[in-house]
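# Architecture at a glance
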Amino acid sequence: MTLIDPSIRTAGGIQEPSAKQIEEAYELARERYADLGVDTDTALSRLSTIAVSIHCWQGDDVRGFESADRPLGGGLAVLGNYPGKARTPDELRSDVLKAMNLIPGSHRFNLHASYGEFAGRNVERNQIDVEHFQGWIDWARDHHLGLDFNPTYFSHDNASDGFTLSHPDPGIRQFWIEHGVCCRRVAAAMGRQLGSPSVTNFWIPDGFKDTPADRKSPRARLADSLDAIFRDEIDACHNIDAVEAKLFGLGSEAYVVGSHEFYLGYAITRNKMLCLDAGHFHPTEVISDKLSSVLTYLDQVLLHVSRGLRWDSDHVVTLNDELLAIAQELVRGDYLHRVRIGLDFFDASINRVAAWVIGTRNMIRALLLAFLEPIEWLRHLENEGDFTARLAIMEELKSMPFGAVWDYYCLRAGVPIGASWLKVIQDYEQSVLSRRLD
Ligand code: RNT
Ligand code: ZN
């Protein structure tokens, strides 16, 4: 005798509840939340307006489509050899659309410069232009997606010693400045053609493995290089620039030129967006606590929602305390119109399309949980000094029937309920991904 019916042990056997079951559960949940003063319908309509920027690089282990087969650089490491990574722009588009069909809401797609369509030609990074991304823009328009963009400052001979915009060689610096200029032009065309401003996020790997003799000069050079890149004003209706800091990387353990303090100062003085990557700080530091600080001084912030684990900054996003805290801060602080939510993780040890679905659904789920908080009540208790009640309510909220609201949201959005999306991915793996040979 088996304890569990074997058909439900496999994910493929997971049954979807009926629409009627979901609607009934939602009605009960709606009443429970109403008792707390929370309107679930309002929460769902607010949730439906939020676009998450889904990163291209989960689909192909940050390889991109340049003709040269360069090793992945910049201290980025993608571990795992799960079969079926996207090898061409068409494969990547097919994969991400498959993922998006399983994610409720309308979202954005976030491209790196190395993902241009170069038709087998070797187009240098300081030569890339709108034509290399027109295919992406047309595709995005067809699918009602906004696009975001990133210059690629790694996986290149001119970055092989670990320095780019802060390089001591002015020729190499100039090459990378030109790359940044090209990228802003491409991103502005994306934003203009799609009627939705692109965010261009600048992350560079520059740093030293071991103790530097001079911490000052590379930072001075980086500030100058960035100023040169941003010299031409671009209409904020088309493109907005962001800068992303990191505490350390593989090969830059002792010193990273673009540190948090460096970019915070840069963003404030140059009116740029600051990108906070959840995996780019000391493990005891959390970006949820930084949002209300940096947004006191900055107009806008870009998030790279990720999950740091030991040395790795880019594990697939799970619904953990920090993800929830990030979402709570965005909602409680009324920051959603000032913060772009992007994802940044890469895992090659699991189905890559599933990784997108898991991480993005979790981001949205965390936002829903945040929208379902009786925040006015909690704030009142806090202001009254009733910290006992504040703690008690916060803990009781954890067992409210949130899942019924989430299922109803998925039902209304026409995406699978619960883990039943996995079946779609399994079929896709069998019919498409497993036929791809590296
Ligand atoms: C690297 C940064 C950066 C990259 C992408 C691929 O540590 O997080 O955002 O992950 O540009
Ligand atoms: Zn990042």
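Structure first, text after, so check above.
Now for a quick tour of the structure.

A few words now on the coordination of the zinc ion (ligand 2). Here the zinc ion (ligand 2) is held by Glu244 (OE), Asp277 (OD), His304 (ND1) and Asp344 (OD), and the distances to it run 2.1 Å. Coordination geometry of the zinc ion (ligand 2): the 6 donor atoms subtend angles of 70 to 168° at the metal centre, consistent with an arrangement described as octahedral.

Counting residues in each nonpolar core, the largest one holds 132 residues, and the members touching the most others are Phe109, Leu111 and Leu303. In terms of residue count, the dominant contributor to this core is helix H11 (residues 352–371) (12 residues).

A few words on the pattern of salt bridges. Scanning all chains against the criterion turns up 25 salt bridges. The partner of Lys85 in a salt bridge is Asp61, and the shortest N-O contact between them spans 3.9 Å. Here Asp61 lies in the loop between strand S1 (52–55) and helix H4 (89–100) and Lys85 lies in the loop between S1 and H4, a separation of 24 residues in the sequence. A relative accessible area of 8% places Asp61 in the buried class. The partner of Asp138 in a salt bridge is Arg141, and the shortest N-O contact between them spans 3.3 Å. Linking Asp138 with Arg141, this pair stays in helix H5 (residues 134–142), spanning 3 residues, or about one helical turn. By relative accessible area, Arg141 is classed as partly exposed at 38%.

As a structural note, the neighbourhood of ligand 1 is formed by Trp57, Leu76, His112, Trp203, Glu244, Lys246, Asp277, His280, His304, Asp344 and Phe346. Contact distances for ligand 1 include 2.7 Å between an oxygen atom and a side-chain N or O atom of His112. Here an oxygen atom of ligand 1 and a side-chain polar atom of Asp277 are 3.0 Å apart. Protein contact buries 99% of the 300 Å² of open area that ligand 1 shows by itself. The residue inventory of the shell around ligand 1, partitioned by class, reads 4 nonpolar, 3 polar and 4 charged.

About the criteria used
Residues numbered from 1 in each chain as written. Chains lettered and ligands numbered in written order. Predicted model: local features only at pLDDT ≥ 70, side-chain atom pairs only at ≥ 80, totals over all residues. Heavy atoms only, no water. Donors = N, O, S within 2.8 Å, 3.2 Å for Na, K, Ca; no water. Tetrahedral: all angles 85-135°; square planar, octahedral: opposite > 155°, others 65-115°. Core = buried A, V, L, I, M, F, W, Y, C linked by side-chain atoms within 4.5 Å. Buried < 20%, exposed > 50% of the residue type's maximum accessible area, 1.4 Å probe, protein only. Helix = DSSP H or I, 4+ residues; strand = E, 2+ residues; numbered from the N terminus. Salt bridge = Lys/Arg side-chain N within 4 Å of Asp/Glu carboxyl O. Near = heavy atom within 4 Å. Polar contact = N/O pair within 3.5 Å; in protein donor to acceptor, adjacent residues only side chain to side chain. Areas by Shrake-Rupley, 256 points an atom, 1.4 Å probe, with all protein chains shown as cover. Nonpolar A, V, L, I, M, F, W, Y, C, P; charged D, E, K, R; others polar.

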